Amino acid sequence: MLEQQTPRTAFLNLLEGNRPQATAWVTGGPAAPDLSGLVKFYETPYGGVLVEAEVFGLPNVQVPGSTDFYAMHIHEMGDCSNHFMNTGEHYTRAKVLHPDHAGDLLPLMGNQGYAWGAFYDKRFRISDILGRSVVIHALRDDFTSQPSGNSGEKIGCGVIR
């Protein structure tokens with residue numbers, strides 16, 4: 001049987017090649033000092049960006065069988081200093097409300113402190129996000145509350161390079 005090329009197969013090839021055009025090494029702050037991970041950004045043949053995130057040390061790592069969701073966003077500024085307070089607001093290219101900011105990403109689903117996920121996003125290009133930051137929040141994004149989804153404290157941050 002002939003395998004047909006679909007976006008899925010193109011995305012798998014990008015992930016297997018492991019040659020992202022940008023990355024953010026995320027580290028934890030005072031609320032999650034063991035948090036670390038890598039978020040990778042791949043250009044796709046479809047005009048959007050494939051985002052892959054692998055994160056360790058999320059809260060609840062010591063709770064057997066625990067699962068929880070954590071908001072993940074691209075923020076305006078690539079400054080993770082001062083306990084991540086200098087990252088600014090969610091990155092957006094247009095004046096729209098949350099959750100329609102270009103930086104509003106899918107949440108991480110942590111299982112006993114570990115999360116892995118990949119998704120396709122066509123709201124930004126890699127050139128738009130270089131020098132900005134990826135921020136992981138302590139709570140899930142409710143995708144409703146303004147201005148940023150009531151996602152809680154910033155527990156991890158990394159600059160996109």
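These figures come from a predicted structure and were not determined experimentally. (Residues numbered from 1 in each chain as written. Predicted model: local features only at pLDDT ≥ 70, side-chain atom pairs only at ≥ 80, totals over all residues. Heavy atoms only, no water.)

**Considering the nonpolar core**
- One finds V39, F41, M72, F124 and I136 to be the most contacted residues of the largest nonpolar core, which totals 28 residues.
- Of all elements in the fold, only β1 (22-28), β2 (36-43), β3 (49-56), β5 (72-75), β7 (115-121), α3 (126-129) and β8 (133-137) reach the threshold of two or more residues within this core.
- The greatest single-element share of this core, amounting to 4 residues, is contributed by β3.
- Those residues in contact with M72, other than ones at most four positions away along the chain, are V39, A53, G103, L105, L106, L108, F119, V134, V135 and I136. (Core = buried A, V, L, I, M, F, W, Y, C linked by side-chain atoms within 4.5 Å. Buried < 20%, exposed > 50% of the residue type's maximum accessible area, 1.4 Å probe, protein only. Helix = DSSP H or I, 4+ residues; strand = E, 2+ residues; numbered from the N terminus. Contact = heavy atoms within 4.5 Å.)

**Some thoughts on the environment of G113**
- Inspection of the secondary structure puts G113 in the loop between β6 (108-111) and β7.
- Owing to a relative accessible area of 5%, G113 belongs among the buried residues under this scheme.
- Put simply, G113 and G57 are 56 residues apart on the chain and 4.9 Å apart in space, counted from C-alpha to C-alpha.
- The residues touching G113, leaving out its near neighbours within four places in the chain, are V55, F56, G57, L58, P59, N60 and V61.

**Points about the pattern of salt bridges**
- The full count for this structure, using the stated rule, is 4 salt bridges.
- D128 is the salt-bridge partner of R93, the closest N and O atoms lying 3.0 Å from each other. Highlighted residues: R93 in the loop between α2 (81-84) and β6 and D128 in helix α3, separated in sequence by 35 residues.
- Residue class for D128 comes out buried when judged on its relative accessible area of 12%.
- A salt bridge links R125 to D128, with the shortest nitrogen-to-oxygen separation between them at 3.1 Å.
- Linked by salt bridges that have partners in common, R93, R125 and D128 make up one network. (Salt bridge = Lys/Arg side-chain N within 4 Å of Asp/Glu carboxyl O.)

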